[in-house]
Amino acid sequence: MYLSLNNQQVQAVQRIVLAMLETIQESADGAPEGVLFAALQTQGCSLQQFQTLLQPLVERRYVTNEDHLLHVTTEGEAFIATLRHLVQQQARQPQPRASEPRAPSRPSTAKA
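In this text, all values refer to a predicted model and were calculated from it rather than measured experimentally.

Focus: the overall build of the protein chain
Each helix and strand in the protein chain was counted, giving four helices and three strands. Ordered by position from the N terminus, the helices and strands of the protein chain form the series α-β-α-α-β-β-α. Evaluated residue by residue, the protein chain yields a buried proportion of 25% over its 112 residues. Within the protein chain, contacts between residues separated by at least 24 positions form 59% of all contacts whose residues are at least 6 apart in sequence.

In C-alpha cells, the structure reads:
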C-alpha cells in the first residue's frame, strides 16, 4: 500500500523516523519495542502507524528486532547519518507559507 504524501508530510515522517532511530541507537541493551510505541502513542501514533514506520527499517536491515528489543545495525548507523544531513538541510530552507483562502471573485457589474 502506497500513500500519497505532500512534501511537508514526507519531511515530518523523516523527522519521526530519525527520532525513532536515534532513540533506538541510544539504548545499548536494545530499545524495547513496546516502550518506543508507547512514547509515540502519546503523540497520537496508532499501532498500525508505528508498524508502518518500523517495518521498512527492519526489512532494509537498518534495525533488528530480537524478542521485541530493537537495535540499530551498521547499515542503520549510515542511514541515520544520511537522514540527519537531510533533515538539517530541510531545516535551513525557508518553508513556503500556506496561502490564505481568497474570497471568490465576483463578476464586475460596472457599466463601461
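From this point on, the discussion continues.
Points about the packing of aromatic side chains
Under the defined criterion, the tally for this structure stands at two aromatic pairs. With a centroid separation of 5.4 Å and 50° between ring planes, the pair formed by Phe37 and Phe50 is classed as tilted. Residue Phe37 is located in helix H2 (residues 33-41), and its partner Phe50 is located in helix H3 (residues 47-59); the two are separated by 13 residues in the primary sequence. Phe50 shares its class with Phe37; the two are buried. Taken together, a centroid distance of 4.4 Å and an interplanar angle of 5° make the contact between Tyr62 and Phe79 stacked. Remark: Phe79 occurs in helix H4 (residues 74-92) and Tyr62 occurs in the loop between H3 and strand E2 (63-66); sequence separation between them is 17 residues.

Considering the environment of Ala19
Along the chain, Ala19 falls in helix H1 (residues 7-26). For Ala19, a relative accessible area of 38% gives the class partly exposed.

So, the pairing of strand E3 (residues 69-72)
Of the two faces of E3, only one is covered, namely that formed by Leu70 and Val72; the face formed by Leu69 and His71 stays uncovered. When E2 meets E3, the two strands line up antiparallel, connected through four bridges. Bridge pairing in E3 places Val63 opposite Val72. Counting the residues that bridge the hairpin from E2 to E3 gives two residues, and of these Asp67 lies at a positive phi of roughly 55°.

With respect to the sheet that holds strand E1 (residues 31-32)
Pairing is antiparallel across the open sheet formed by three strands, whose spatial order is E1-E3-E2. On the outer flanks of this sheet lie E1 and E2, each paired with one strand and no other. Pairing of E1 with E3 involves two bridges; the strand directions are antiparallel. Bridge pairing links Ala31 to Leu70 in E3.

Here is what the cut-offs are and how they apply
Residues numbered from 1 in each chain as written. Predicted model: local features only at pLDDT ≥ 70, side-chain atom pairs only at ≥ 80, totals over all residues. Heavy atoms only, no water. Helix = DSSP H or I, 4+ residues; strand = E, 2+ residues; numbered from the N terminus. Buried < 20%, exposed > 50% of the residue type's maximum accessible area, 1.4 Å probe, protein only. Contact = heavy atoms within 4.5 Å. Phe/Tyr/Trp six-rings, centres within 6.5 Å; stacked < 30°, edge-to-face > 60°. Pairing = 2+ DSSP bridges.

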